[in-house]
Amino acid sequence: MSGHQIFEHSLNVRLQGRSEQQLQRKRRQLQSPQQVTVLIDGKCLLSFCSNDYLGLANHPDVIAAFKRGLDDYGAGSGASHLVTGHSAAHSALEEELAAFTGRSRALLFGSGYIANVGVLATLLNDKDQVFQDKLNHASLLDGGLFSGANFRRYPHKDMKRLDTMMENAGAEGLRMIVSDGVFSMDGDVAPLGQLLDIADRHRAVTMIDDAHGFGCLGKNGGGLLEAAQESGAIIDETRLPVLMATLGKAVGTAGAFVAGSDALIETLIQFCRPYIYTTAMPAAVAVATRQSLQLVKNEGWRRELLRTHVQRFRKGAAELKLPLLDSPTQIQAVMLGTPERALAASAALEQKGILVTAIRPPTVPPGSSRLRLTFSAAHSEQQVDQLLSALAELKLPPLAAA
Ligand SMILES: *Cc1c(COP(=O)(O)O)cnc(C)c1O
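A short tour of the structure in this document, coming up.

Analysis parameters
Residues numbered from 1 in each chain as written. Predicted model: local features only at pLDDT ≥ 70, side-chain atom pairs only at ≥ 80, totals over all residues. Heavy atoms only, no water. Salt bridge = Lys/Arg side-chain N within 4 Å of Asp/Glu carboxyl O. Helix = DSSP H or I, 4+ residues; strand = E, 2+ residues; numbered from the N terminus. 1 Å grid on protein atoms, 1.4 Å probe; cavity = no way out; pocket = protein on both sides within 12 Å on 5 of 7 lines; lining within 4 Å. Points joined across faces, edges and corners; volume = space filled by probe spheres on them. Nonpolar A, V, L, I, M, F, W, Y, C, P; charged D, E, K, R; others polar. Near = heavy atom within 4 Å. Polar contact = N/O pair within 3.5 Å; in protein donor to acceptor, adjacent residues only side chain to side chain. Areas by Shrake-Rupley, 256 points an atom, 1.4 Å probe, with all protein chains shown as cover. Pairing = 2+ DSSP bridges. Expected span 1.5 Å × (residues − 1). Buried < 20%, exposed > 50% of the residue type's maximum accessible area, 1.4 Å probe, protein only. Axes fitted to C-alpha atoms, helices over the stretch in contact; angles between N-to-C directions. Parallel < 35°, antiparallel > 145°, perpendicular 65-115°, else oblique. Left-handed = near helix turned anticlockwise from the far one by under 90°. Contact = heavy atoms within 4.5 Å. Arc of directions from axis to C-beta.

Some details on the pattern of salt bridges
Under the criterion given, the structure shown has 19 salt bridges. As a salt-bridge pair, arginine 370 and aspartate 186 come within 2.5 Å of each other at their nearest N and O atoms. Remark: aspartate 186 occurs in the loop between β6 (175-180) and α8 (192-201) and arginine 370 occurs in strand β13 (residues 369-374); sequence separation between them is 184 residues. When salt bridges with common partners are traced through the structure, they connect Arg28, Asp41, Lys43 and Glu350 into a single cluster.

Okay, structure coming up:
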């Protein structure tokens, strides 16, 4: 066989493994804006699987701001932030994000994945130790691995284990605890107070990725930290030095940011290779995001409505005895176990005009394939009920039988 044939053969062996395990992924083609009723692969479906939680991805004010941004700055940013790609719009957005999160400074990244990998690889090296929840987002796990730090994963939200792990780990190097704020596949919330107490006890620092909390939690949409501070905690940048959140979910545009002290942000600007060696996100994205952030802050009714939908869904799902994970947020998981069952449920819902993707390993641990449902302020009550009726007709067996 030629080199090329050997190469193609090895690729095909890998691909065959994926499809034999029912783990092959397919990309659907969206032919409409991201909204609750989408045109996808030529079908009009009611979607419960976008992260556009507040219904801002297709909001007229955000679109108008995007267009204004294009007129003012053109389409491409043309260079990295450290050369000539850093616009006044990027800078204004960074200042607004810092003020919103109560941090000294914020730094924009083109995506959350890049932000997490960049931050962890920059702040940690092989003398350091990083402790992560087993269910953390892939980008945090990858960042921990790429950093070369001694990497330990604790069972999901198991604070006793984390405490013991840190007790036994020794005190060398920087020690960092890293957690999702709202877990992206289960929808539950990190025990923030306990995490910060453990960090204090072991003289460690904490990083929170609030990708799914930012915009959705807290009275003004400031996320998990704002929600925690409403019950009296003070979580400033000395207590939680590294805060990260994304802009492509509740905020409805694209990109991500890291917020913290002046020294943290300056360190990233000087040393974070995934920040330095990449073209800045288009300035128009920053202009649109500034507009979107105003809507996030000023239109609290979106968060209220989201909460109402989640409560309505959970109440209905309990009546149907659906195998629902215990989540208070807009991410709700119906646990089905095997990939086959998750795919079958997703296909059956699609027959009824409802789009819910099956989530399978390696995105979730083996045996925990599920339907991941996400709600949006743009859904109506009637659409939530439509979802419940469709789920009722599926006659899903309870979790114990899965
Ligand atoms: C979506 C997500 C990311 C990645 O953000 P992108 O901007 O989509 O790259 C990071 N962390 C968590 C917890 C996420 O859910």
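Let's pick the thread back up.
Some thoughts on the layout of surface pockets
One number sums up the size of the largest pocket: a volume of about 1,500 Å³. Lining the largest pocket are 49 residues, with Arg25, Thr357, Ala358, Ile359 and Thr363 positioned closest to its centre. Broken down by secondary-structure element, the contributors of at least two residues to the lining of the largest pocket are β1 (37-40), α6 (138-147), α14 (339-351), β12 (358-359) and β13. Of the residues belonging to the lining of the largest pocket, the class tally is 19 nonpolar, 17 polar and 13 charged.

Re the site of the ligand
Lining the immediate environment of the ligand, one finds 14 residues, of which Gly112, Tyr113, Asp209, His212 and Lys249 sit closest. Backbone polar atom of tyrosine 113 to an oxygen atom of the ligand: 2.9 Å apart, as the coordinates give it. Between aspartate 209 and the ligand, the recorded distance is 2.5 Å, taken from a side-chain N or O atom to a nitrogen atom. Notes on the ligand: free accessible area 380 Å², of which the protein chains cover 82%.

Description of the sheet that holds β1
Pairing in this open sheet of three strands is mixed, and the strands run β1-β2-β11 from one edge to the other. Where the open sheet ends on each side, the last strands, each with one partner, are β1 and β11 (354-355). By the bridge criterion, four bridges tie β1 to strand β2 (residues 43-47) in an arrangement that is antiparallel. Along β2, the bridge assignment pairs valine 38 with leucine 45.

A look at helix α12 (residues 283-298)
Along its 16 residues, α12 runs 23 Å from first to last C-alpha, staying within 8% of the 22 Å computed at 1.5 Å per residue. When α12 is considered as a whole, its buried residues turn out to be Ala283, Ala284, Val285, Ala286, Val287, Ala288, Thr289, Ser292, Leu293, Leu295 and Val296.

Describing the packing of α14 against helix α15 (residues 381-394)
Taken N-terminus to C-terminus, the directions of α14 and α15 make an angle of 125°; their axes are 10 Å apart at the nearest point. Classified by the angle their axes make, α14 and α15 are oblique. Judged by the sense of rotation from one axis to the other, the crossing of α14 with α15 is right-handed. Two secondary-structure elements touch here, α14 through Ala345, Ala348 and Leu349 and α15 through Ala390, Leu391 and Leu394.

Comments concerning the environment of arginine 314
Inspection of the secondary structure puts arginine 314 in helix α13 (residues 300-319). Judged by its relative accessible area of 23%, arginine 314 is partly exposed. Considering only alpha carbons, one finds arginine 314 and aspartate 326, 12 residues apart in sequence, at a separation of 9.4 Å. Aside from chain neighbours lying at most four places away, what touches arginine 314 is Leu324, Leu325, Asp326, Ser327 and Gln332. Within the structure, the side chain of arginine 314 is placed 3.0 Å from the backbone oxygen of leucine 325, a separation counted as a polar contact.

Examining helix α2 (residues 60-73)
When the terminal C-alpha atoms of α2 are compared, their 20 Å separation across 14 residues agrees well with the 20 Å that a helix rising 1.5 Å per residue should span. Of all the residues in α2, the buried ones are Val62, Ala65 and Gly69. Viewed end-on, α2 has its buried residues packed into an arc of 60°, placing them on one side of the element. Turned more than 90 degrees away from the buried face of α2 sit Pro60, Lys67 and Asp71, all of them exposed. Buried residues belonging to α2 abut α12. One or two residues past the end of α2 sits glycine 74, with phi positive at roughly 80°.

Topic: the environment of leucine 371
Along the chain, leucine 371 falls in strand β13. Judged by its relative accessible area of 0%, leucine 371 falls in the buried class. Residues leucine 371 and alanine 284, spaced 87 residues apart in sequence, show a C-alpha to C-alpha distance of 35 Å. Not counting residues within four places of it along the chain, the set of residues in contact with leucine 371 comprises Gln332, Ala333, Val334, Leu336, Ala342, Ala345, Ser346, Leu349, Val356, Thr357, Ala358 and Leu391.

Geometric values such as these leave the question of function open.
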